[in-house]
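If you want the building blocks of each chain, they are given just below.
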Protein chains: 2
Amino acid sequence: MYRTHTCGELRLNDIGQEVTLSGWIQAIRNLGGMTFITLRDRYGLTQLVFDENTSNDLKQKVAMLGREYVIKVKGKVVERSSKNPKMPTGEIEIISSELSILNKSEIPPFTIEDDTDGGDELRMKYRYLDLRRNPVRRNLELRHKMSQEIRKFLDHAKFIEIETPYLVNSTPEGARDFLVPSRMNPGEFYALPQSPQTLKQLLMVSGFDRYFQIVKCFRDEDLRADRQPEFTQIDCEMSFVDQEDVLNMFEGLAKQLFYEIKGLNFKEDFPRINYNDAMTYYGSDKPDLRFDMRFTEITEIAKGKDFKVFDSVEYIGGMNAKNCAEYSRKQLDELTEFVQRPQVGAKGLVYVKYNIDGTFKSSVDKFYNQEDLKTWADLMHAEPGDLILILAGERNHTLNALNVLRLEMGDRLGLRDKDKFAPCWVVDFPLLEWDEEDKRFFAKHHPFTSPKIEDIALFESDPGKMRANAYDFVINGVEIGGGSIRIFNTELQHKMFEALGISKEEAQLKFGFLLNAFKFGAPPHGGIAFGLDRWCSVFGGSESIRDFIAFPKNNSGRDVMLDTPGKIDKKQLDELMLKIKE
Amino acid sequence: MYRTHTCGELRLNDIGQEVTLSGWIQAIRNLGGMTFITLRDRYGLTQLVFDENTSNDLKQKVAMLGREYVIKVKGKVVERSSKNPKMPTGEIEIISSELSILNKSEIPPFTIEDDTDGGDELRMKYRYLDLRRNPVRRNLELRHKMSQEIRKFLDHAKFIEIETPYLVNSTPEGARDFLVPSRMNPGEFYALPQSPQTLKQLLMVSGFDRYFQIVKCFRDEDLRADRQPEFTQIDCEMSFVDQEDVLNMFEGLAKQLFYEIKGLNFKEDFPRINYNDAMTYYGSDKPDLRFDMRFTEITEIAKGKDFKVFDSVEYIGGMNAKNCAEYSRKQLDELTEFVQRPQVGAKGLVYVKYNIDGTFKSSVDKFYNQEDLKTWADLMHAEPGDLILILAGERNHTLNALNVLRLEMGDRLGLRDKDKFAPCWVVDFPLLEWDEEDKRFFAKHHPFTSPKIEDIALFESDPGKMRANAYDFVINGVEIGGGSIRIFNTELQHKMFEALGISKEEAQLKFGFLLNAFKFGAPPHGGIAFGLDRWCSVFGGSESIRDFIAFPKNNSGRDVMLDTPGKIDKKQLDELMLKIKE
């Protein structure tokens, strides 16, 4: 038997017991005649003592030990003379009488500590050692708990978890599929699913009523900083529901998770912001509501004062940074440079300081008098001591730049506390999105998303104005999930395809099995999918989803520990009837 | 709002309520002035009535309805005059006052009934309609419940569910990998995992202590009747355990599932049979213990009586079929033909009837007298009225044929009741298996399986005799799971590789990252993996795992509903830098 207890469980009332523990050596301290060893396992740390009464035989063994050795130790639980209140087992220690070395360890390439000396690359290569570190282990424990709570909630709400296949057909829409050649069907390929979207809709046609799955999805696309080629979705679908039903159900799930995982009790409904308002006031369809700092448009009143820059633009607007009137020249220059970076792309930054004495000082004093600036300040609810920041230009472009500036100000002002949570729903997304390059509409969500009933007439007159029964769930400016009520009526679906420029033949080719299924009694249905990796990272207070994935891939889609992808034998290629092009 | 209640929940005490229901039309019966409609959803059936008071408008709508139409109906709950005790809602019906057709349905290609008229192929093509049928839906509900209970048990036992990647490296051992070309790394490939074996061992090195995952695994190999290219494992691993710990933990899981899913309370320990006994007495490493009918060897006593067939063989043995002495010539001929089929391959069948009057009648009366046959009968615990069936030949071949015959007799005698469950552990598997063709040993379980400590010396003298710390879990003759205690010591691992004829260089190439990980303090560990599909099928009383998979593939690895695998665009191939060989 390797252990009677784990390294995290012994307490004062275990004193006197003979116990056996197994684990890794976290630290060895040699104090003259005494040796103290900190033994670690997943459950905690326990101090072992080899004192002056230790036999020579045992002392020799102890002398051979090193960090990360795996040992089994037998001994007696005693009360510590100098207790360690930071350790849950800090009131006891083990006077050890027997020791076996279960396995040796080479010196790890970085220290197994909360703050390690290992760089990113080294830690990824030795990910199995990185996973020994408390913060990383705790991330995966959080993820486990999330999954369990999600399943508990959905099971209780009568959702059935149904596993959909991973070897599916290649879909022509959206991001790129990973393809899988079939040995039994040479020259033919499966695809790995980008999401089980069509399959879950088929399950609704089958009458499963409430479906969910925590499922891996795959996208073979260039990886931005926080994307992974394989990621995990909480995929859900319900029948006989409208948008309100879906939002209420999953607001319930989110509240449950906030409560069980974060100990937060959200009693009020989550705010719902429509897409247009989100864009107008925050320049983003995933606003960070931990702080206000909404945008105010001043296009009309700021024009006609001979300031050429403003006179020629589509949009002028800004935000009020509370208590920032004292910003220095240097700080303001920094902000200007910040918004002028190519990835933000603003031409310049106009500021208006609302001084404590009630006067204004701005970068456009030549064109606007105190009264003009007071009007702006009033519109922006600014008070003496505040700083108004203004950008101007093409509307969408400027709103986007304002969004980046707002988040930067939030960071600078400490308003984006990772222990504070501001969830919201963004609703009423546009159904279609015009693509300037292709000169055609694309589905903003996906081609099965239903338009608002009252907007259907716009199919003929102004499709770009149509709103969808589509919604996103956002926490702290991060999109956690999104979904829609689907089209379940064949005629409406055909109208949608028409608007997207997809012919009947093409639709049949691409989505045939789903359209066929819809002929046999499709119920009204809708759903949502959440990104589990991202939800975990937001709950865990991290910027990166990688920290919540046991074995993530790097930006080139490589797993440097497994050293994959890699070359394969010609024999394997031959069996697949494939050749690599030179 | 689509419904106030589901179709499965209204009862006598709901009488008088105005309700709204939505669902599919299961049946329409028109009785003169009255129309009865059975409305179906996942939760049940409810009878709708359109009686003589129905408005003309509504009557016209009702006349348009057909099977599988999706409707929403409003009405009043009333008590039925002729109650249907077979239906949970059979005491009430709905007098309907409003009706909307939510969706029409074409006539389905087969009837949506428990016993359908649709053939296999048609039902697979329209799998979404097949899934509407009660027996199929119930299979997936069973599977959902299994998964939930498994997670509940393991979470409670402190196992952490950790998602391992699906895009891994190609492993050189065992069955064939599905390969996935990488677009970002042209000419390089990922593989889909055949199991997360090495990754879960790395998680033990990481100190996760107890890991599990319900996870898809992939094998691109020729599909036997009951295999799927993608299948689901309950994959588990524990640290600081020996075989006893693992068996006890997962016997606990199995008992919990028997209790929660089947309502069976197994109080006794499951039988444990060692591999040699299983082969000797049942000719199988997965014996069906719902019935006894063990084999008795009579090689020594049956020889030397001038019966040439017996005198020349390695093994003679048989079993006692209780109360079958009255078997007719025709029945015995059938059995003879059965064992002579090429897939069984016995030369012939010897029978001995132990007549009620105490005399014997056998197919070898020429060579054996009554006394000889009495000796056989006594060894086989036969009594008057029984039938002894004997096969002879090469030992392993004959034991295998006896196994097939035993199962056939079990079927014929009704001893393989699908509602009866006989679980067992098979233990002490051989470590190595000799391959006559390749003239070398293969790992019976896998190359990381540890030998029994007391057998390690046999590495030098007689490797084929070594027993492994490996175990299988079997229910009703079906292998539900298997696992082993792993080698965690580098030297022992090298000995194992040596026995398998794998050089140090080859080992490093193939298993390098695991061997490297083991250098940094690997704990003793072991685990098990269960086949979820198969466990569900055994609990569901079905022979086929396909019945428990929402969207299974056929024997050619095709999903005929999705029509995959399929051809892909040349453009897609170009992006992957691949060409199909002509």
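Quantities reported herein were computed from a predicted structural model and do not represent experimental measurements.

**A word on the overall build of chain A**
Here is step 1 of the chain: Scanning chain A from N- to C-terminus turns up 17 helices and 23 strands.
Here is step 2 of the chain: Expressed along its principal axes, the backbone C-alpha trace of chain A runs to roughly 90 × 75 × 55 Å.
Here is step 3 of the chain: Looking at chain A residue by residue over its 582 residues, the buried ones come to 58%.
Here is step 4 of the chain: Total accessible area on chain A stands at roughly 25000 Å², and carbon and sulfur atoms take up 48% of it.
Here is step 5 of the chain: Counting 80 positive and 93 negative side-chain charges, chain A places the averaged centre of each group 4 Å from the other.

**Overview of the relation of the copies chain A and chain B**
Here is step 1 of the chain: Superposing chain A onto chain B takes a rotation of 180° combined with a translation of 0.0 Å along the rotation axis, leaving an RMSD of 0.1 Å. Within this description, the copies of the chain are treated as partners about a two-fold rotation axis.
Here is step 2 of the chain: Of all interface residues in chain A, 100% are interface residues in chain B too; the two copies therefore contact each other through one and the same surface.

**Examining the interface of chain A and chain B**
Here is step 1 of the chain: Taken together, the contacts link 117 residues of chain A with 117 residues of chain B.
Here is step 2 of the chain: Roughly 10900 Å² is buried in total at the junction of chain A and chain B, and carbon and sulfur atoms are behind 60% of that figure.
Here is step 3 of the chain: Looking only at chain A, the three residues that lose the most surface to chain B are A:Phe240, A:Phe520 and A:Lys581, adding up to 8% of its buried area.
Here is step 4 of the chain: Counting the contacts that link chain A with chain B gives 14 salt bridges.
Here is step 5 of the chain: Two residues, B:Glu575 and A:Arg176, come together in a salt bridge whose shortest N-O distance is 3.3 Å.
Here is step 6 of the chain: One can count 63 residue pairs in polar contact (both at pLDDT 80 or more) joining chain A with chain B.
Here is step 7 of the chain: The element that contributes the greatest number of residues to the side of chain A that touches chain B is helix α4 (residues 134-156) of chain A, accounting for eight residues.
Here is step 8 of the chain: The pairing of strand β23 (residues 578-580) of chain A with strand β23 (residues 578-580) of chain B spans three bridges and is classified as antiparallel. For A:Lys579, the partnering residue across the bridge sits in β23(B) and is B:Lys579.

**Brief notes about the sheet that holds strand β6 (residues 160-161) of chain B**
Residue and element names in this part refer to chain B.
Here is step 1 of the chain: Spatially, eight strands are ordered β6-β9-β10-β22-β21-β20-β17-β11 in an open sheet, and the strand pairing comes out mixed. At either margin of the open sheet sits one strand with a lone partner, and together these are β6 and β11 (272-274).
Here is step 2 of the chain: Taken together, the five bridges between strand β21 (residues 478-485) and strand β22 (residues 525-531) define a ladder with antiparallel strand orientation. Its bridge partner being in β22, Gly-482 is matched across the sheet by Ala-529.

**A closer look at the sheet that holds strand β4 (residues 70-79) of chain B**
Residues and elements named next belong to chain B.
Here is step 1 of the chain: The strand order around the closed barrel formed by five strands is β1-β2-β3-β5-β4, and the pairing between neighbours is mixed. For this sheet, the mean inter-axis angle between neighbouring strands, taken without regard to orientation, is 55°.
Here is step 2 of the chain: As paired strands, β4 and strand β5 (residues 92-103) are joined by ten bridges and run antiparallel to one another. Residue pairing for β5: Lys-76 is matched across the bridge by Ile-95.
Here is step 3 of the chain: The strands touched by helix α1 (residues 56-63) within the sheet are β2 (34-41), β3 (44-50) and β5, with β5 carrying the most contacts at an inclination of about 70°.

**Here's the deal with the pairing of β2(B)**
Residue and element names in this part refer to chain B.
Here is step 1 of the chain: Burial within β2 is extensive, with seven of its eight residues counted as buried.
Here is step 2 of the chain: Bridge count for strand β1 (residues 18-31) against β2 is seven bridges, and the pairing is antiparallel. Bridging across to β2, Arg-29 finds its partner in Phe-36.
Here is step 3 of the chain: Sheet analysis places β2 next to β3, joined by seven bridges and oriented antiparallel. Across the sheet, the residue bridging to Phe-36 is Val-49, located in β3.

**Topic: the environment of A:Glu371**
Here is step 1 of the chain: Considering the arrangement of structural elements, one finds A:Glu371 in helix α11 (residues 370-379).
Here is step 2 of the chain: For the pair A:Glu371 and A:Phe360, spaced eleven residues apart in sequence, the C-alpha to C-alpha distance is 9.2 Å.

**Remarks on the packing of aromatic side chains**
Here is step 1 of the chain: This structure, assessed with the given rule, holds 65 aromatic pairs over all chains.
Here is step 2 of the chain: Aromatic side chains B:Tyr354 and B:Phe360 sit 4.2 Å apart centroid to centroid with 35° between the ring planes, which places their arrangement in the tilted category. Each member of the pair B:Tyr354 and B:Phe360 is classed as buried.
Here is step 3 of the chain: Among the aromatic residues, those joined into a cluster by ring pairs are A:Phe159, A:Phe250, A:Phe258, A:Phe266, A:Phe270, A:Phe421, A:Trp425, A:Phe473, A:Phe530, A:Trp535 and A:Phe539.

**Re the packing of α4(A) against helix α4 (residues 134-156) of chain B**
Here is step 1 of the chain: Here α4(A) crosses α4(B) at 140°, and the two axes come no closer than 11 Å. Classed by the angle they form, the pair α4(A) and α4(B) counts as oblique. Pair α4(A) / α4(B) crosses with left-handed handedness. Where α4(A) abuts α4(B), its residues A:His144, A:Gln148, A:Arg151 and A:Asp155 lie against B:His144, B:Gln148, B:Arg151 and B:Asp155.

**Structural notes on the side chain of B:Arg406**
Residues and elements named next belong to chain B.
Here is step 1 of the chain: In this structure, Arg-406 sits in helix α12 (residues 395-412).
Here is step 2 of the chain: No salt bridge is formed by the buried Arg-406; its nearest oppositely charged neighbour, Asp-292, is found at 5.7 Å.
Here is step 3 of the chain: Ignoring any residue separated from it by four or fewer positions in sequence, one finds Arg-406 in contact with Tyr-282, Asp-288, Phe-291, Asp-292, Met-293, Phe-295 and Met-319.

**Digging into the pairing of strand β2 (residues 34-41) of chain A**
Here is step 1 of the chain: Linking strand β1 (residues 18-31) of chain A back to β2(A) in an antiparallel pair, the connection comprises two residues, with A:Gly32 at a positive phi of about 60°.
Here is step 2 of the chain: Between the end of β2(A) and the start of strand β3 (residues 44-50) of chain A, which pair antiparallel, lie two residues.

**Here's the deal with unusual backbone geometry**
Here is step 1 of the chain: Across the junction of A:Thr564 and A:Pro565, the peptide omega takes the value 0°, indicating a cis bond.
Here is step 2 of the chain: Notably, B:Asp428 is not glycine yet its phi reads approximately 60°, a positive angle.
Here is step 3 of the chain: Inspection of the secondary structure assignment puts B:Asp428 in the loop between β17 (423-427) and β18 (432-435).

**Describing the domain arrangement of chain A**
Here is step 1 of the chain: Parsing chain A into structural domains produces domain 1 (12-103), domain 2 (137-272 + 424-548) and domain 3 (291-416).
Here is step 2 of the chain: One C-alpha centre belongs to domain 2 of chain A, the other to domain 3 of chain A, and the line joining them spans 38 Å.

**A word on the side chain of B:Lys353**
Residues and elements named next belong to chain B.
Here is step 1 of the chain: Mapped onto the elements of the fold, Lys-353 is located in strand β14 (residues 350-354).
Here is step 2 of the chain: Despite its burial, Lys-353 pairs with no opposite charge; the closest candidate is Glu-326, at 6.9 Å N-O.
Here is step 3 of the chain: At 2.6 Å, the side chain of Lys-353 and the backbone oxygen of Tyr-327 are in polar contact.
Here is step 4 of the chain: Once residues within four sequence positions are removed from consideration, Lys-353 is found in contact with Ala-325, Tyr-327, Leu-332, Thr-359, Phe-360, Lys-361, Asp-386 and Leu-387.

**Let's talk about the confidence of the model for chain A**
Here is step 1 of the chain: Here chain A averages 95 in pLDDT, while 99% of its residues score no lower than 70.
Here is step 2 of the chain: Interface scoring of the predicted complex returns ipTM 0.95; its pTM is 0.95.

**Observations concerning helix α6 (residues 243-262) of chain A**
One turn of an α-helix holds 3.6 residues; hence residues three or four places apart share an orientation.
Residue and element names in this part refer to chain A.
Here is step 1 of the chain: Under the 1.5 Å per step criterion, the end-to-end length of α6 is 27 Å for 20 residues, consistent within 8% with the ideal 28 Å.
Here is step 2 of the chain: By the burial criterion, the buried members of α6 are Gln-243, Val-246, Leu-247, Met-249, Phe-250, Glu-251, Leu-253, Ala-254, Lys-255, Leu-257, Phe-258 and Ile-261.
Here is step 3 of the chain: The positive-phi residue at the C-terminal boundary of α6 is Gly-263, with phi of around 70°.

**A few points about the pattern of salt bridges**
Residue and element names in this part refer to chain A.
Here is step 1 of the chain: Taken as a whole, this structure holds 106 salt bridges over all chains when the rule is applied.
Here is step 2 of the chain: We note a salt bridge from Asp-235 to Lys-200, for which the minimum N-O separation is 2.8 Å. In this pair, Asp-235 sits in strand β10 (residues 230-239) while Lys-200 sits in helix α5 (residues 197-205), placing the two residues 35 residues apart along the sequence. Each member of the pair Asp-235 and Lys-200 is classed as buried.

Definitions and cut-offs
- Residues numbered from 1 in each chain as written.
- Chains lettered and ligands numbered in written order.
- Predicted model: local features only at pLDDT ≥ 70, side-chain atom pairs only at ≥ 80, totals over all residues.
- Heavy atoms only, no water.
- Helix = DSSP H or I, 4+ residues; strand = E, 2+ residues; numbered from the N terminus.
- Buried < 20%, exposed > 50% of the residue type's maximum accessible area, 1.4 Å probe, protein only.
- Areas by Shrake-Rupley, 256 points an atom, 1.4 Å probe, with all protein chains shown as cover.
- Lys, Arg positive; Asp, Glu negative; His and termini not counted.
- Charge placed at Lys NZ, Arg CZ, Asp CG, Glu CD.
- Least-squares fit on C-alpha atoms with pLDDT ≥ 70 in both.
- Contact = heavy atoms within 4.5 Å.
- Buried area = accessible area lost by both parts, 1.4 Å probe.
- Salt bridge = Lys/Arg side-chain N within 4 Å of Asp/Glu carboxyl O.
- Polar contact = N/O pair within 3.5 Å; in protein donor to acceptor, adjacent residues only side chain to side chain.
- Pairing = 2+ DSSP bridges.
- Axes fitted to C-alpha atoms, helices over the stretch in contact; angles between N-to-C directions.
- Phe/Tyr/Trp six-rings, centres within 6.5 Å; stacked < 30°, edge-to-face > 60°.
- Parallel < 35°, antiparallel > 145°, perpendicular 65-115°, else oblique.
- Left-handed = near helix turned anticlockwise from the far one by under 90°.
- Domains from an automatic or database assignment.
- pLDDT = per-residue confidence, 0-100.
- Expected span 1.5 Å × (residues − 1).

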